[in-house]
Amino acid sequence: MAKISLIVNGNPVTANVDPRTLLVQFLRENLRLTGTHVGCDTSQCGACVVHLDGKAVKSCTTLAVMADGHEVKTIEGLAADGAPLHPMQEAFREHHGLQCGFCTPGMIMTAIDIVHRKGHEVDDHTIREELEGNLCRCTGYQNIVASISAGAKAMAKSDLA
């Protein structure tokens, strides 16, 4: 067993884990943060995207021990308890960027990363290219792209950016 200490959604966490434990398993099974989904186990679908030190990573191919000493943010940590949704979450709701919802947490976490790297005026072509590692089997991506574009603009006006 390996002892790890990290910050998850602003809260300090210490645990003993098998060194082979994936970050997605640790989040879902140990911390019961089930918003991070397991879709493919091969890093193809993006349903498991979380932020590690502010950058999007696929938690199904990241070991929990790799997060030791770092900060992890999941979909559950975007908006504070009782607070309104994060601007990107609100944009997905407003612009119908989801259907079944399975890919949505990973899409939103990826979208926020896109905005942090590409800026608040990101164009549709760039959004589509940046979403290459996130799969949705329900939509035609048009509403997802529109949601990300609207969310990017909303983040510019928010302190949750």
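Each value, and the rule that gives it
Residues numbered from 1 in each chain as written. Predicted model: local features only at pLDDT ≥ 70, side-chain atom pairs only at ≥ 80, totals over all residues. Heavy atoms only, no water. Helix = DSSP H or I, 4+ residues; strand = E, 2+ residues; numbered from the N terminus. Rg over C-alpha atoms; globule rule 2.2 N^0.38 Å. Contact = heavy atoms within 4.5 Å. Areas by Shrake-Rupley, 256 points an atom, 1.4 Å probe, with all protein chains shown as cover. Axes fitted to C-alpha atoms, helices over the stretch in contact; angles between N-to-C directions. Parallel < 35°, antiparallel > 145°, perpendicular 65-115°, else oblique. Left-handed = near helix turned anticlockwise from the far one by under 90°. Salt bridge = Lys/Arg side-chain N within 4 Å of Asp/Glu carboxyl O. Buried < 20%, exposed > 50% of the residue type's maximum accessible area, 1.4 Å probe, protein only. Polar contact = N/O pair within 3.5 Å; in protein donor to acceptor, adjacent residues only side chain to side chain. Pairing = 2+ DSSP bridges. Domains from an automatic or database assignment. Buried area = accessible area lost by both parts, 1.4 Å probe.

A. Molecular detail of the overall build of the protein. Assigned secondary structure in the protein consists of five helices and five strands. Shown N-terminal to C-terminal, the secondary structure of the protein runs as helices and strands in the order β-β-α-β-β-β-α-α-α-α. Against the globule reference of 15 Å for 161 residues, the protein gives a C-alpha radius of gyration of 15 Å, in line with a compact fold. In terms of overall dimensions, the protein has a C-alpha envelope of 45 × 30 × 25 Å along the principal axes. In the protein, the proportion of contacts linking residues at least 24 apart, taken out of those at least 6 apart, comes to 58%. Accessible surface, the protein: about 8200 Å² in total, of which carbon and sulfur atoms supply 49%.

B. Layout of the environment of Gln25. With respect to the helices and strands, Gln25 occurs in helix 1 (residues 23-30). C-alpha separation for the pair Gln25 and Gly151, spaced 126 residues apart in sequence, amounts to 29 Å. Apart from residues lying up to four places away in sequence, Gln25 is in contact with Arg20 and Asn30.

C. Here's a closer look at the packing of helix 2 (residues 87-94) against helix 3 (residues 104-118). Across the interface, helix 2 lies against helix 3 with an axial gap of 10 Å and an inter-helix angle of 125°. Considered as vectors, helix 2 and helix 3 are oriented oblique to each other. Between helix 2 and helix 3 lies a crossing of right-handed hand. Across the interface between the two elements, Met88, Gln89 and Phe92 from helix 2 touch Thr104, Met107, Ile108, Ala111, Ile112 and Val115 from helix 3.

D. Here's a closer look at the pattern of salt bridges. This structure, assessed with the given rule, holds five salt bridges. The salt bridge involving Asp18 is made with Arg20; its shortest N-O contact spans 2.8 Å. Since its relative accessible area comes to 27%, Asp18 is described here as partly exposed. In this structure Arg20 comes out as exposed when scored by relative accessible area, which is 66%. Taken together, the salt bridges that share partners define one network made up of Asp113, Arg117, Lys118 and Glu130.

E. A look at the environment of Ser59. By the secondary structure assignment, Ser59 is in the loop between strand 4 (55-58) and strand 5 (71-73). Relative accessible area serves as the criterion here: at 0%, Ser59 is assigned to the buried category. Here the alpha-carbon distance between Ser59 and Ala47, two residues 12 residues apart in the chain, equals 9.1 Å. If near-sequence neighbours (up to four positions away) are discounted, Ser59 is found in contact with Leu22, Leu23, Val24, Thr36, Cys48 and Val50. Polar contacts involving the side chain of Ser59 include one to the main-chain carbonyl oxygen of Cys48, which spans 2.6 Å.

F. Seen up close, the sheet that holds strand 3 (residues 49-52). Overall, mixed pairing links the five strands, which are arranged 2-1-5-3-4 in an open sheet. A strand with exactly one partner marks an edge of an open sheet, and here the two such strands are strand 2 (11-17) and strand 4. Strand-to-strand twist of the sheet, defined as the mean angle between neighbouring strand axes without regard to direction, takes the value 40°. Where strand 1 (residues 2-8) lies against strand 2, seven bridges are found, and the strand directions are antiparallel. If you follow Ala2 over to strand 2, its bridge partner there is Val17. Across the sheet, helix 1 is in contact with strand 1, strand 2, strand 3 and strand 5; its angle to strand 2 comes to roughly 105°. Contacts between helix 3 and the sheet are confined to strand 3, strand 4 and strand 5, with strand 3 contributing the most and set at about 40° to the helix.

G. Quick look at the domain arrangement of the protein. Annotation of the protein at the domain level lists domain 1 (2-77) and domain 2 (87-156). Placing a centre on the C-alpha atoms of domain 1 and another on those of domain 2 gives a separation of 21 Å. In this complex, domain 1 contributes 18 residues to the contact, which on the side of domain 2 involves 13 residues. Both faces considered, domain 1 and domain 2 share a buried interface measuring about 1200 Å² in area, 61% of it formed by carbon and sulfur atoms. Among the residues of domain 1 in contact with domain 2, His37, His51 and Ile75 are the three that bury the most area, contributing 41% of the side total.

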